[in-house]
Amino acid sequence: MTVFQGLITAGRTVWDMTVIHESRRARLAALLAEHDVDAMLVTRGVNVRYLTGLVSSNAAVLVRGDASAVLATDSRYIETARRVCSGIEVIEQRDVAGGLVKMAERPGIEAHDMSVARYRRLGGEPTPVDGIVELLRVVKDESEIEALRTACDLTDRAFADVVATIAPGMTEKRIARALESRMVELGADKPAFDSVVASGPNGAVPHHSPSDRPIERGDLVTMDFGALYDGYHADMTRTVAVGTVSGWQRELYDLVREAQRAGRRALAPGAGTEEVDAAARGLITDAGYGEHFGHGLGHGVGLELHEDPFLSPSGAGRLEDRVPITVEPGVYLPGRGGVRIEDTLVTRADGPELLTRTTKELLVL
Ligand code: ZN
Ligand code: ZN
């Protein structure tokens, strides 16, 4: 089935988003029977966007078994909705879920997006369905991968520009702000998430918030950041050395880089998510640092920064083709510092496509 169509004009692909959104709703409609519902009420904002293109903080869409759909939103978004959501009925309503749920006999609702109070207000007995649109979102079409490729390119370019300016005396906060403003100057919608800049001993904290600590000669500096472009989240981490690099720092860096390479090589359609994690983690454990790598190896990226699939020791499930995912091993030594190296890639039958292309050689600034 052709689920997307691109038209090349002047080197830029123009996607027919109407066709793409229609085919996404058709794929959802095809899943309804196995959940014993005749329509799905989609209320999670990111899922409404995926199925209709509308970005709104108050919208819902009802997709029926025949793939027809009704979108409800309030007066703030109604004009945009009428313009963006071609091919579906659009109605203006403040209580977006309450109005739509009555339009189906056996509706399913997104259980993971529904408080008990909201569920009760809906009335009737809609069937809780968990993560059905999230499942559809795992495998990306080429329009999505192109947006992510752009997001990663902006991330690479911002890094190249900012890394050239890092010097002893610059604070973590200043580096974080420089990365973020450079990404926006280059064309990002905004930063994809709050950047991590962790220098010296702060590098031992995987999600350290940038502080006023000035960079010192001899520090390792870990930067984890990314651009948001057209709703898609880039995610990259690099660790650099400032001035000099000591023996233990070089050793740790080489270990994490090898582990990251092993993780990237294990990415393939059909590979078990826990196998990919193990490919990288095994090297770190064998080197005696297993207890200092406390997080999973990676996560899917797309319309959300962290989405299925997750690479971890307790993971289950297999990777598919065209799944954007990060590979980000790290070793964190309390009181001393840490190293993390992270790329965003896409699984492909002929080997993963690397989207973040910044060098993984140890940069000594
Ligand atoms: Zn990251
Ligand atoms: Zn990440």
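What counts, and where the lines are drawn
- Residues numbered from 1 in each chain as written.
- Chains lettered and ligands numbered in written order.
- Predicted model: local features only at pLDDT ≥ 70, side-chain atom pairs only at ≥ 80, totals over all residues.
- Heavy atoms only, no water.
- Pairing = 2+ DSSP bridges.
- Helix = DSSP H or I, 4+ residues; strand = E, 2+ residues; numbered from the N terminus.
- Core = buried A, V, L, I, M, F, W, Y, C linked by side-chain atoms within 4.5 Å.
- Buried < 20%, exposed > 50% of the residue type's maximum accessible area, 1.4 Å probe, protein only.
- Domains from an automatic or database assignment.
- Donors = N, O, S within 2.8 Å, 3.2 Å for Na, K, Ca; no water.
- Tetrahedral: all angles 85-135°; square planar, octahedral: opposite > 155°, others 65-115°.
- 1 Å grid on protein atoms, 1.4 Å probe; cavity = no way out; pocket = protein on both sides within 12 Å on 5 of 7 lines; lining within 4 Å.
- Points joined across faces, edges and corners; volume = space filled by probe spheres on them.
- Nonpolar A, V, L, I, M, F, W, Y, C, P; charged D, E, K, R; others polar.
- Contact = heavy atoms within 4.5 Å.
- Salt bridge = Lys/Arg side-chain N within 4 Å of Asp/Glu carboxyl O.
- Expected span 1.5 Å × (residues − 1).

Caption draft 1: Looking closely at the sheet that holds strand β12 (residues 227-229). One open sheet holds the three strands; their spatial order is β9-β12-β13, and the pairing between them is antiparallel. Unpaired on one side and paired on the other, β9 (190-191) and β13 (232-233) mark the two borders of the sheet. Here β12 runs beside β13; their pairing, made up of two bridges, is antiparallel. If you follow L228 over to β13, its bridge partner there is H233.

Caption draft 2: Representation of the nonpolar core within the structure. By size, the foremost hydrophobic cluster in this structure holds 37 residues, and its most contacted members are L28, V42, L51, V61, L71 and I132. Secondary structure elements with two or more residues in this core: α1 (17-31), β3 (39-42), α2 (45-52), β4 (59-64), β5 (69-73), α3 (78-84), α6 (132-137) and α7 (142-163). Broken down by element, the residue count for this core peaks at five residues, all from α7. Counting residues domain by domain, this core receives three or more from each of domain 1 (6-137) and domain 2 (142-354). In this structure, L267, I284, L297 and L311 belong to the second largest nonpolar core, which totals 24 residues.

Caption draft 3: Region of interest: the coordination of the zinc ion (ligand 1). Note on the zinc ion (ligand 1): its protein donors are D224 (OD), D224 (OD), D235 (OD) and E342 (OE). The metal-donor distances range over 2.0 to 2.6 Å. Each of the four donor atoms bound to the zinc ion (ligand 1) contributes to angles spanning 55 to 150°, and the resulting shape is irregular. Separating the zinc ion (ligand 1) and the zinc ion (ligand 2) is a distance of 3.1 Å, and D235 donates to both of them. Of the two residues, D235 sits in the loop between β13 and β14 (236-241) while E342 sits in the loop between β19 (337-340) and β20 (343-346), which places them 107 residues apart along the sequence. Classification of E342 as buried rests on a relative accessible area of 0%.

Caption draft 4: Up close: the layout of surface pockets. In this model, the largest pocket occupies a volume close to 560 Å³. Along the wall of the largest pocket there are 21 residues; nearest its centre are W15, M17, S143, A147 and D230. For the lining of the largest pocket, the elements supplying multiple residues, two or more each, are β2 (12-15), α1, α2 and α7. The class makeup of the residues in the lining of the largest pocket is nine nonpolar, six polar and six charged. Residues lining the lining of the largest pocket come from more than one domain, with at least three contributed by each of domain 1 (6-137) and domain 2 (142-354). In this structure, the second largest pocket occupies an estimated 280 Å³ of space. Lining the second largest pocket are 20 residues, with H207, D224, H299, H306 and E328 positioned closest to its centre. Only β15 (298-300) and β16 (307-311) provide two or more residues apiece to the lining of the second largest pocket. Broken down by class, the residue content of the lining of the second largest pocket amounts to eight nonpolar, six polar and six charged.

Caption draft 5: Layout of the coordination of the zinc ion (ligand 2). Around the zinc ion (ligand 2), the protein contributes the donor atoms D235 (OD), H299 (NE2), E328 (OE) and E342 (OE), which lie 2.1 to 2.2 Å from the metal centre. In this structure, the zinc ion (ligand 2) is coordinated by four donor atoms arranged in irregular fashion, with angles at the metal of 78 to 154°. Along the chain, the residues that donate to the zinc ion (ligand 2) are spaced as D-x63-H-x28-E-x13-E.

Caption draft 6: Representation of the pairing of strand β18 (residues 330-333) within the structure. Side chains G330 and Y332 project from β18 onto one buried face, and the interleaved V331 and L333 project onto a second face that is buried too. Of the pairings in the sheet, the one linking β18 to β19 comprises four bridges and is antiparallel in character. Within the sheet, the bridge partner assigned to V331 lies in β19 and is V339. Taking the residues that link successive antiparallel strands as the turn, the β18-β19 hairpin has three residues, and the phi of G335 there is positive, at about 85°.

Caption draft 7: Local environment of the environment of R348. With respect to the helices and strands, R348 occurs in the loop between β20 and β21 (353-354). Relative accessible area serves as the criterion here: at 15%, R348 is assigned to the buried category. Here the alpha-carbon distance between R348 and P269, two residues 79 residues apart in the chain, equals 6.7 Å. Setting aside residues up to four positions removed in sequence, R348 forms contacts with E142, I145, R149, P269, D321, R322 and E353.

Caption draft 8: Broad picture of the pattern of salt bridges. The tally for this structure, following the rule as stated, stands at 31 salt bridges. Close ionic contact of R118 with D113 constitutes a salt bridge, the shortest N to O distance being 3.8 Å. Taking the shortest distance from any N to any O, the salt bridge between K173 and D212 comes out at 3.3 Å. Within this pair, whereas K173 is found in helix α8 (residues 172-186), its partner D212 is found in the loop between β10 (196-199) and β11 (220-225), the two being separated by 39 residues in sequence. By relative accessible area, K173 is classed as partly exposed at 33%. Using a relative accessible area of 54% as the deciding quantity, one classes D212 as exposed. Members of the salt-bridge network, linked through shared partners, are R44, E134, R137, K140, E304 and E307.

Caption draft 9: The arrangement of helix α9 (residues 247-266) in detail. With 20 residues, α9 extends 29 Å between its outermost C-alpha atoms, agreeing within 8% with the 28 Å of an ideal straight helix rising 1.5 Å per residue. For α9, the full list of buried residues reads Q249, L252, Y253, L255, V256, R257, A259, Q260, G263 and R264.

These values are about where atoms sit, not about what they do.
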